[in-house]
Amino acid sequence: MPKLPLDGIRIIDFTVVIAGPAATAKLGDMGAEVIRIESIQEIGTGARTTRAKITKEQMETSPIQRRAYPDGDPGERPWNRGAGFNAHSRNKLCMTVDLKKPEGLEILEKLVAQSDVLIENHATDYMERKGITYDWLKKIKPDIIMVRMPGWGTHGPYAYWRTFGSTAEGHIGRSALSGYQDMDSSHIPWVFPADANAGTIAAFATTAALYHRKKTGKGQMIDLALAENILNILGAPFLDYTMNGRITENPGNRHPSAAPHGTYPTKGEDRWINITVTNDAEWNGFCEAIGNPTWTQNENYASTGSRWENQDSLDEHIQSWTKEQDHFDAMHLLQSHGVPAGPVMDAGDAVRDPHLEARGYFEAVNHSEIGVHRYPGMFFKFSETPLKIRRPAPRLGEDNEYVYKELLKYSDEEYSQFEQDGHIGMDYAPHVP
Amino acid sequence: MTTEMALEGVRVLDLTHHYSGPFCTKLLADYGADVIKVEKPGTGDPTRSIGPFLDDDPHPEKSGLFFHLNTNKRSITLNLKSEGGKRIFKDLVATADVVVESFRPHVMAGLGLGYDELKTIRPNLVMTSISSFGQTGPYAEFKATELIIYGMGGAMYNAGVPDREPVSYGIPTAVFQGGGAAAAGTMGALYGATFNDVGQHVDVSIMETLLGSVDRRIAALLSYEYSGEVGGRESMGGGFATGYFPCQDGYFVMAGSGNIMFPRLVKMMGDPEPLQDPAFLTPAGASDPDLRDLFEAVLIGWSMDHTKQEIIQLGEENGLICAAVNDMEGVFNDRHLNERGVFTDIDHPVMGSIRSLGRPFVMEQTPWKLRRPAPLIGQHNVEILKDLGHTSEAIVQFKQNGVI
């Protein structure tokens, strides 16, 4: 079997929360050796956990926390068991080092000398305070690629502001273009594509820089601002403003010019189907699929324009049909008539979905502290070097021996010393909550 | 001195349309690849008929959406159903590193242009196929739109208000996420093809790029696997000081909950007496509806006396994470985005000069460059065909025969 595309590339992963880990997940999947840098002295703005030693009692106060641990059990080392971290940290390694101690930076320096890329998504000042700058890296490894992805980028008036996906999207105008049309902005959904999108585009940027480096021998610095990056998908509303002076309206679940286009209730509790009809052929398919009831002949629904004008009454009719349908059966029926339709799938629907099953999307993985579970799989499929979960998410400090001894050539004595000095370990220090 | 670009020398044949595919190839073009967009003679990419249009004139060269998604590309029109069109396409494949397409899965093989055929023309070819549900499986040929695909792959079920229908991303977003993932996969495959001599067919299912989206969806899937429980559209666990709130001139968004942020927020508001209750900082307090009501009354009483700009400024000074909920006018006038050069004035032969969005990220040593605006339909037919060795007479013939 030929090598994976990024086999032989070593990436130092300083990423936190969501956007950064989303980038290194894709790079690891494509074969890069991704080494997460963590510390047993602090959880920081953790991707791994927000509460290292969470108890069962604490978990019960938050439904999201409760669902995140296998069988509702935090176990002996809860920090190795959380769903958020374990979902996106497959194919990554983890070493621990305390960068607050002077020798921490020396350890990192040795790793930099043997690496190709360093990726981080902290607030801009964080890396600077630690002394981990592009200039510092370049002195150690002249052709290094540094990828930085702070909220607002590394320069400009807001360079040092802190942000999350939520605040970035509010600022760059995506939030105002989402949510219910008939509710005020307090109800904009708390779901943020900015993080995932920045991670994906950072993986693209990193591979593009690696490609250029392999051709020319030159490394570089990439400044990917989370906020700007998600703004880049808003070309249409931005140009509507610059070309026509218009503020695009939030379409909600509707379409700006076609109908029906929406989310309709089906049989069962909190079950829904999306149906979108954007032309006459799809409309005719829809009418035929539901048995051509007389209301479909109403001239109010005869053209795309009139359907759009009369969509409130149209939606009432459609609901009266969907309410009697199973959301998956209705998808199959409508799709067989050429109508774009699909259920709003909850996590259980997805895990049981026959299409995903046929494509082998979920992969069974054995994690040494959790046992075998099925994990969300690859972002894309490669034909000649199939990508897969080669190893589960790393436990805290799981790869210390490999990194310190094999890569950095520290002796057994030095390794023991680093353990005593609080760099190396698989448990958080007693003071970490 | 001309600045080099990261993907200089890479040639991409772009058979994509609508959103996802063009966004993927735009990323490649924006960082230096020679992207040849292959369009259907006559109508071209259907995105040319999607607004907004300059001056609301629905002209195929005046779509703002097309303008944004196709910067730095060249356009050739080819009838891929004609033998002549196929011949030209195959000749182009021989010169290309990457083919990206976004038809339904049966189409390319049906045209005799599947991966197996194309790789015999160009060894180590990377071919990326972007589709709603992937190249295989029972839904492979299903039709989808932004709303359908987000409902099936994304976090829609968990988005919105309990007791109402789930709510979408609003403005198209999921389709861009799929295109970005396709660009990352294409680039990884191209690296392997160029330096390890392994070509690749990359199968991108937009549904799967959303399922794996590290935005809460992926965690929700694994949480279900771990616990057997599905989360609803209940408050998403941010605590009641986290969310969107009204102020004097609109709305602002903040993450103000928790033991670190909440005290900063209280201090920012001038330490109002009702929020001094230590119960606010206990886990039970964070889900107590009476405390929520009390908090919101105090916060909104305060915020309605302040503008977005004042709140953001105070938030920044107090170490809070907050921002304005802006519309595009606010974005257009934003000092940070303007100073960083996010916006670019682009000259277009039909539309004139339009202020648009430039680079999605900064590559400091090989910067983003605007080499050309989005192409007119078939704008580069002659130069591309001449490069393949066709004479002016032959090109006229292609045109008469409906090949281009």
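Residues numbered from 1 in each chain as written. Chains lettered and ligands numbered in written order. Predicted model: local features only at pLDDT ≥ 70, side-chain atom pairs only at ≥ 80, totals over all residues. Heavy atoms only, no water.

A. A look at the pattern of salt bridges. Residues and elements named next belong to chain A. Counting across every chain of the model gives 59 salt bridges over all chains. One salt bridge connects Glu-398 with Arg-391, and the closest N-O pair in it is separated by 3.9 Å. Where Asp-399 meets Arg-391, a salt bridge forms, and the shortest distance between an N and an O atom there is 3.0 Å. Owing to a relative accessible area of 9%, Asp-399 belongs among the buried residues under this scheme. Salt bridges sharing common partners tie together Arg-77, Glu-369, Arg-391, Arg-395, Glu-398, Asp-399 and Asp-427. (Salt bridge = Lys/Arg side-chain N within 4 Å of Asp/Glu carboxyl O. Buried < 20%, exposed > 50% of the residue type's maximum accessible area, 1.4 Å probe, protein only.)

B. Region of the structure containing helix H11 (residues 289–303) of chain B. Residues and elements named next belong to chain B. The terminal C-alpha atoms of H11, which comprises 15 residues, lie 20 Å apart, in line with the 21 Å expected from a rise of 1.5 Å per residue. Turning to H11, its buried residues are Leu-291, Phe-295, Val-298, Leu-299, Trp-302 and Ser-303. Looking straight down H11, one finds that the buried residues subtend no more than 125° of arc, so they occupy a single side. More than 90 degrees from the buried face of H11, the exposed residues found are Pro-289, Asp-290 and Ala-297. (Helix = DSSP H or I, 4+ residues; strand = E, 2+ residues; numbered from the N terminus. Expected span 1.5 Å × (residues − 1). Arc of directions from axis to C-beta.)

C. View of the sheet that holds strand E9 (residues 321–324) of chain B. Residue and element names in this part refer to chain B. A sheet is described by the order of its strands in space; here 3 strands give the open sequence E7-E8-E9, paired in antiparallel fashion. The open sheet terminates on both sides in strands that have one partner only, identified here as strand E7 (242–247) and E9. Between one strand axis and the next, the sheet turns through 25° on average, direction left out of account. Relative to strand E8 (residues 250–255), E7 runs antiparallel, the two being bridged by 6 bridges. Across the sheet, the residue bridging to Thr-242 is Ala-255, located in E8. Helix-sheet contacts for H11 involve E7 and E8, and the interaxial angle to E7 is about 45°. (Pairing = 2+ DSSP bridges. Axes fitted to C-alpha atoms, helices over the stretch in contact; angles between N-to-C directions. Contact = heavy atoms within 4.5 Å.)

D. Representation of unusual backbone geometry within the structure. Residue Ala-259 of chain A is joined to Pro-260 of chain A through a cis peptide bond whose omega torsion reads 0°. By the element assignment, Pro-260 of chain A lies in the loop between helix H11 (235–244) and strand E7 (261–265). Residues Gly-51 of chain B and Pro-52 of chain B are joined by a peptide bond in cis, for which omega reads 5°. As for its placement among the helices and strands, Pro-52 of chain B is situated in the loop between strand E2 (34–39) and helix H2 (64–69). Of note, the phi angle at Asp-55 of chain B is positive, near 55°, even though the residue is not glycine. Position of Asp-55 of chain B relative to the elements: it lies in the loop between E2 and H2. Here Asn-72 of chain B, not a glycine, exhibits a phi torsion of approximately 70°, which is positive. Within the element layout of this structure, Asn-72 of chain B appears in the loop between H2 and strand E3 (73–77). By relative accessible area, which is 1% here, Asn-72 of chain B ends up buried.

That is the geometry; function is a separate question.
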